[in-house]
2 protein chains.
Amino acid sequence: MTDSVAQGRPKIGKRERLVAAAARVFYEQGVEKTTIADIAAAADVPVGNVYYYFKTKDQFVQAVIDTHAGVLAEIVAGIEPLPGPAERLKAMVASWVEQRDLAARYGCPTGSLAAELDKRPDAFGGEPARLMSLLIDWARGQFAELGRPDAAELAVAFVAAYQGISLLANTFRDPGLMVTEGARLARWIDELAGRG
Amino acid sequence: MTDSVAQGRPKIGKRERLVAAAARVFYEQGVEKTTIADIAAAADVPVGNVYYYFKTKDQFVQAVIDTHAGVLAEIVAGIEPLPGPAERLKAMVASWVEQRDLAARYGCPTGSLAAELDKRPDAFGGEPARLMSLLIDWARGQFAELGRPDAAELAVAFVAAYQGISLLANTFRDPGLMVTEGARLARWIDELAGRG
DNA sequence: GTCTATACCACGATAGAC
DNA sequence: GTCTATCGTGGTATAGAC
């Protein structure tokens, strides 16, 4: 087998560049409004060449969902070393507040993608639900570690609070809403931990 | 002036039927995915005739926003007679829970519309924000009546909780999430009222 | 006011040269 | 593997007969 790099192998990262561009443009403009040409332009790849990597637009959607899952896993992994569940939950809130300017402009990446795909009759095969589960399941584990028997309910409320405030921050183009709600959630977690 | 009804005056309600159809189809499929032909079919009006009433798709969007504002005003008016702010807030929660099956299938009508329009560079001229303000301003008034100095913050958290749980119920196609979170919000309101 | 026919354009996707 | 040219579809919007 000859050196595949010297031959016509695809430029490394081209596929990755396309997915990253798709994730960005989907987030900024929405999936339905985005054209293949938009993605190609954002990735600086000629339109026709795109089809060598992705046959349909929905293949981009699937790839972007996988990317989001990876990002979520990274955030969770970064929080993991913290000593206790309350600290970890508050670190998650802090990471949300950190992203407040993006949220105010485009909403939560996961939430706005889910909202759009949920309108489809098949909800894109339940992929958005699987993505959202990553966050909820993690939160449930933290609340359970706090000794809460209602951990499942609290995890849903926790993520719902984030999704809701992201939508409002986006609607009002006001990152300050993320800060205020983040502080409220942090106090709430402290109360729950105190009672535990 | 001759009897305008006997002459070629537009069938009464035709414009209203178009707006109602647009509201329904936008809610079910999303704005961007919906075509003028979809709206015409849902309203049982020939496609070509639609343009006599609405020149552009965005005029439909504006009309649908106005419709939503009217529905919201009706809900608020129906709650108004209740004796106290805590009762009124809980009645609002109850109205959300009542709509759980629709929310599980299509999300919150206001929220999913806002999420989609927020992706536009101009956020549709801030119309979604005005719509959302109707709810938040009302809630702020109720929390203020409860004697809460942090009424503004609580109102945002209250509406965010609803928007968030609607998105999650939609993503998981699970109306039960609305019931659980509704009960949680009701307990929360009772606590706030007790401390007031 | 109502409706048909159609202009026009943008998009997704493909064929095939290089 | 890369890219251009293009096909077919489906959408918005208009012209104009009735």
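Our structure's up above, just so we're on the same page.
As the structure is a computational prediction, the values presented were derived from the model and not from experiment.

1. Some thoughts on the overall build of chain A
- Secondary structure assignment for chain A yields ten helices and zero strands.
- Ordered by position from the N terminus, the helices and strands of chain A form the series α-α-α-α-α-α-α-α-α-α.
- Seen along its three principal axes, the alpha-carbon backbone of chain A occupies a region of about 65 × 45 × 30 Å.
- For chain A, the residues scored as buried account for 51% of the 196 residues in total.

2. Examining the relation of the copies chain B and chain A
- Mapping chain B onto chain A leaves a residual RMSD of 0.0 Å; the transformation is a rotation of 180° accompanied by 0.0 Å of translation along its axis. Given the turn and translation reported, the copies of this chain are related as if by a two-fold rotation axis. Considering only C-alpha atoms, the residue of chain B closest to the rotation axis is Gly164 of chain B, which sits at 1.9 Å.
- Looking at chain B, 100% of its interface residues are interface residues in chain A too, so the copies touch through the same face.

3. What about the environment of Glu127 of chain B?
All names here are of chain B.
- Tracing the backbone shows Glu127 in helix H8 (residues 127-145).
- We classify Glu127 as buried; its relative accessible area is 16%.
- Separated by 39 residues in sequence, Glu127 and Ser166 have C-alpha atoms that sit 21 Å apart.
- Aside from chain neighbours lying at most four places away, what touches Glu127 is Gln62 and Ile65.

4. Some words on the pattern of salt bridges
- By the definition in use, this model includes 18 salt bridges over all chains.
- In this structure, the salt-bridge partner of Arg120 of chain B is Glu32 of chain B, at a minimum N-O distance of 3.8 Å. Note that Arg120 of chain B is positioned in the loop between helix H7 (109-117) and H8 and Glu32 of chain B in the loop between helix H1 (14-29) and helix H2 (36-43), a separation of 88 residues in sequence.
- Overlapping salt bridges, with partners in common, bring together Glu32, Asp58 and Arg120 of chain A in one network.

5. Some details on the environment of Ala193 of chain B
Residues and elements named next belong to chain B.
- Positionally, Ala193 belongs in helix H10 (residues 176-195).
- Along the primary structure Ala193 and Asp118 are separated by 75 residues, whereas in three dimensions their C-alpha atoms are 34 Å apart.
- Not counting chain neighbours up to four residues away, the residues in contact with Ala193 comprise Ala86 and Leu146.

6. Section: unusual backbone geometry
- A positive phi is found at Asp44 of chain A, a non-glycine position, where the angle reads about 60°.
- Note on placement: Asp44 of chain A falls in the loop between helix H2 (36-43) and helix H3 (47-53).

7. Some remarks on the interface of chain B and chain A
- Across the boundary between the two partners, chain B contributes 44 residues, which contact 44 residues of chain A.
- Both sides of the chain B and chain A interface together cover about 3,400 Å² of buried area, and 61% of this is carbon and sulfur.
- Summed over the shared surface of chain B and chain A, the number is two salt bridges.
- Between Glu153 of chain A and Arg187 of chain B there is a salt bridge; the shortest N-O distance is 3.2 Å.
- Counting every contact that joins chain B to chain A gives 14 residue pairs in polar contact (both at pLDDT 80 or more).

8. Topic: the packing of helix H8 (residues 127-145) of chain A against helix H9 (residues 151-171) of chain A
Residue and element names in this part refer to chain A.
- The interhelical angle for the contact between H8 and H9, taken along N-to-C directions, is 130°, at an axis separation of 8 Å. By the angle between their axes, H8 is oblique relative to H9. For H8 against H9, the interelement crossing comes out right-handed. Residues Met132, Leu135, Ile136, Ala139, Arg140, Phe143 and Ala144 of H8 form the contact with H9, whose participating residues are Ala151, Ala152, Leu154, Ala155, Val156, Phe158, Val159, Tyr162 and Gln163.
- Residues belonging to the contact of H8 with H9 are distributed by class as follows: 14 nonpolar, one polar and one charged.

9. Section: helix H4 (residues 57-79) of chain B
All names here are of chain B.
- Under the 1.5 Å per step criterion, the end-to-end length of H4 is 34 Å for 23 residues, consistent within 8% with the ideal 33 Å.
- For H4, every residue scored as buried is listed here: Phe60, Val61, Ala63, Val64, Ile65, His68, Leu72, Val76 and Ile79.
- Buried residues in H4 make contact with H1, H2, helix H3 (47-53), helix H5 (85-98), H7 and H8.

Each value, and the rule that gives it
Residues numbered from 1 in each chain as written. Chains lettered and ligands numbered in written order. Predicted model: local features only at pLDDT ≥ 70, side-chain atom pairs only at ≥ 80, totals over all residues. Heavy atoms only, no water. Helix = DSSP H or I, 4+ residues; strand = E, 2+ residues; numbered from the N terminus. Buried < 20%, exposed > 50% of the residue type's maximum accessible area, 1.4 Å probe, protein only. Least-squares fit on C-alpha atoms with pLDDT ≥ 70 in both. Contact = heavy atoms within 4.5 Å. Salt bridge = Lys/Arg side-chain N within 4 Å of Asp/Glu carboxyl O. Buried area = accessible area lost by both parts, 1.4 Å probe. Polar contact = N/O pair within 3.5 Å; in protein donor to acceptor, adjacent residues only side chain to side chain. Axes fitted to C-alpha atoms, helices over the stretch in contact; angles between N-to-C directions. Parallel < 35°, antiparallel > 145°, perpendicular 65-115°, else oblique. Left-handed = near helix turned anticlockwise from the far one by under 90°. Nonpolar A, V, L, I, M, F, W, Y, C, P; charged D, E, K, R; others polar. Expected span 1.5 Å × (residues − 1).

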